[in-house]
Amino acid sequence: GAVVSQHPSRVICKSGTSVKIECRSLDFQATTMFWYRQFPKQSLMLMATSNEGSKATYEQGVEKDKFLINHASLTLSTLTVTSAHPEDSSFYICSARALAAGSDTQYFGPGTRLTVL
Amino acid sequence: SQKIEQNSEALNIQEGKTATLTCNYTNYSPAYLQWYRQDPGRGPVFLLLIRENEKEKRKERLKVTFDTTLKQSLFHITASQPADSATYLCALPNTGGFKTIFGAGTRLFVKA
């Protein structure tokens, strides 16, 4: 099956610093990548949709200046949490939708655990 | 607005039994429905997709049904094993079909 990687898998940072998370589709091209966050025992909440070569579309309530998304190629999207604060601590997961026509399945990365001290 | 409901209570069953998880949705008619498995601290893994014109779909020990009248999907794991213990998420496309909405998931524990 399709493989999506995320890096880093875990990061601890001080309040006020910025953290970049990478999401890569390893064996397929992804027209669209999605960024989610998940709090303990809760569902995945979509933060933004990222399309290669264009600006990301953010969900209501998600600050675009705080969560910077760059989709540089068909295999790479990055999420930068700027000026992170303890309330940004969460599990961030990316997913990629394959380029093939009729493909409705998202393939998820393993997630990144962010802890802001 | 679109809403997905999964039983928030954990499901505990004995090894070898069939686990049945429920997903109910309201306020729209999705063209398809998906089930994912998520282990603690990991991203979801796709299991099955069933389309609105399919009543049932099987994959090894997994079976999914899709009742568009009841607006419900049932997810069955037959001959369950302790390794099946995980959270199972139901997911549906939004009205435009471009985004996926996830249920909160049901935690399954299979006891040896």
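Residues numbered from 1 in each chain as written. Chains lettered and ligands numbered in written order. Predicted model: local features only at pLDDT ≥ 70, side-chain atom pairs only at ≥ 80, totals over all residues. Heavy atoms only, no water.

**Points about the pattern of salt bridges**
All names here are of chain A. Spelled out, the test is: Take a side-chain nitrogen of Lys or Arg and a carboxyl oxygen of Asp or Glu: if they are within 4 Å of each other, that pair is a salt bridge. In this scheme, a residue with accessible area under 20% of its type's maximum is buried, one over 50% is exposed, and one in between is partly exposed, where area comes from a 1.4 Å probe on protein chains only.
Counted by the stated rule, this structure contains eight salt bridges over all chains. For Arg24, the salt bridge is made with Glu22, and the minimal N-O distance between the two is 3.4 Å. Here Arg24 falls in the partly exposed class, since its relative accessible area comes to 34%. Residue class for Glu22 comes out partly exposed when judged on its relative accessible area of 25%.

**A closer look at the state of the cysteines**
So the rule is basically this: Two cysteine sulfurs form what is called a disulfide whenever their separation falls within 2.5 Å. Helix numbering and strand numbering both begin at the N terminus, where a helix is a DSSP run of H or I of at least 4 residues and a strand a DSSP run of E of at least 2.
Under the definition given, this model contains two disulfides over all chains. Across the disulfide, Cys23 of chain A is cross-linked to Cys94 of chain A (sulfur-sulfur distance 2.0 Å). Between Cys23 of chain A and Cys94 of chain A the sulfur-sulfur dihedral comes to about 80°; the bridge is accordingly right-handed. Taken together, the residues span a long stretch of sequence, with Cys23 of chain A in strand β3 (residues 19-25) and Cys94 of chain A in strand β9 (residues 90-98) at a distance of 71 residues. Per residue, the accessibility class of Cys23 of chain A equals that of Cys94 of chain A, and both read buried. One disulfide in the model links Cys23 of chain B with Cys90 of chain B; its S-S distance is 2.0 Å. One quick way to see it: the torsion about the S-S bond of Cys23 of chain B and Cys90 of chain B is about -60°, and its sign makes the bridge left-handed. Of the two residues, Cys23 of chain B is situated in strand β3 (residues 19-26) and Cys90 of chain B in strand β9 (residues 86-93); the sequence distance between them amounts to 67 residues. The two residues Cys23 of chain B and Cys90 of chain B agree in class, both being buried. In this structure Cys13 of chain A is a free cysteine whose sulfur lies 18 Å from that of Cys94 of chain A, the closest cysteine sulfur available. Its relative accessible area of 8% is what places Cys13 of chain A among the buried residues.

**Quick notes on the sheet that holds strand β7 (residues 67-73) of chain A**
Residue and element names in this part refer to chain A. The condition is simple: For two strands to be treated as a pair, DSSP must find at least two bridges joining them. Here an axis means a line fitted to C-alpha atoms, over the contact stretch when the element is a helix, while the angle between two N-to-C directions is reported on a 0 to 180 degree scale.
Ordered in space as β1-β3-β8-β7, the four strands form an open sheet in which the pairing is antiparallel. Since the sheet does not close on itself, it has two edges, and those belong to β1 (4-7) and β7, each with one partner. Taking each pair of neighbouring strands and ignoring which way they run, the sheet shows an average axis angle of 15°. Bridging between β1 and β3 involves four bridges; their strand directions are antiparallel. Bridged to Gln6 within β3 is Cys23.

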